[in-house]
Amino acid sequence: TPTTNYWRYIIADFLDHRRFITFGVIHGLLQRIHNYPFYTSSNNGSNNINNKKNHYQSSKILKIQLLAYQIAEKMDGRTCDDALVSQFERPVEELIAMVQNIGNVVNIFAA
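Now for a quick tour of the structure.

Rules and cut-offs
Residues numbered from 1 in each chain as written. Predicted model: local features only at pLDDT ≥ 70, side-chain atom pairs only at ≥ 80, totals over all residues. Heavy atoms only, no water. Salt bridge = Lys/Arg side-chain N within 4 Å of Asp/Glu carboxyl O. Helix = DSSP H or I, 4+ residues; strand = E, 2+ residues; numbered from the N terminus. Axes fitted to C-alpha atoms, helices over the stretch in contact; angles between N-to-C directions. Parallel < 35°, antiparallel > 145°, perpendicular 65-115°, else oblique. Contact = heavy atoms within 4.5 Å. Nonpolar A, V, L, I, M, F, W, Y, C, P; charged D, E, K, R; others polar. Left-handed = near helix turned anticlockwise from the far one by under 90°.

1. With respect to the pattern of salt bridges
Where charged atoms from two side chains of opposite charge come close, those side chains can pair. Scanning the entire structure with this criterion turns up 5 salt bridges. The salt bridge involving Arg32 is made with Asp82; its shortest N-O contact spans 2.3 Å. Linking Arg32 in the loop between helix H2 (17-26) and strand E1 (34-41) with Asp82 in helix H5 (residues 81-88), this pair joins segments that are 50 residues apart in sequence. Among the charged side chains, a salt-bridge network with shared partners connects Asp16, Arg18 and Arg19.

2. Focus on the packing of helix H4 (residues 59-74) against helix H6 (residues 92-100)
With their axes 9 Å apart at the nearest point, H4 and H6 run at an angle of 105° to one another. One finds that H4 runs roughly perpendicular with respect to H6. Contact residues: H4 offers Ile64, Leu67, Ala68, Ile71 and Ala72, while H6 offers Leu95, Met98 and Val99. Broken down by class, the residue content of the contact of H4 with H6 amounts to 8 nonpolar, no polar and no charged.

3. Details of the packing of H4 against H5
It is the contact of H4 with H5, at a shortest axis distance of 11 Å, that shows an interaxial angle of 150°. With respect to H5, the axis of H4 lies roughly antiparallel. H5 is crossed by H4, and the crossing has right-handed handedness. Only Leu84, Gln87 and Phe88 of H5 make contact with H4, whose side of the interface consists of Leu67, Gln70, Ile71 and Lys74.

Read these as geometric descriptors, not functional statements.
Shown next, in the form of structure tokens:
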């Protein structure tokens, strides 16, 4: 019986994963699922950008917070995660983590 290492060897050396995925999509074996992050502000009112401007904060922290608000504006439930990643040039996990510091993010999945 083939072992796990044997299958890893077969997959790594003999199987082109791009063709395998293409075959799966064409023949209906795989389906692309899109993620549409949706930003919902927190209820305590701390998401106001004017509340975040404090002269004691460093400019680097302020820039990160401003970027989080820019990302949150795009997380309207109509912008796909692929578009967000392309626009902000960061992984989607990092974008969601940044926005979760100022509010909540709900993921909407669609085929």
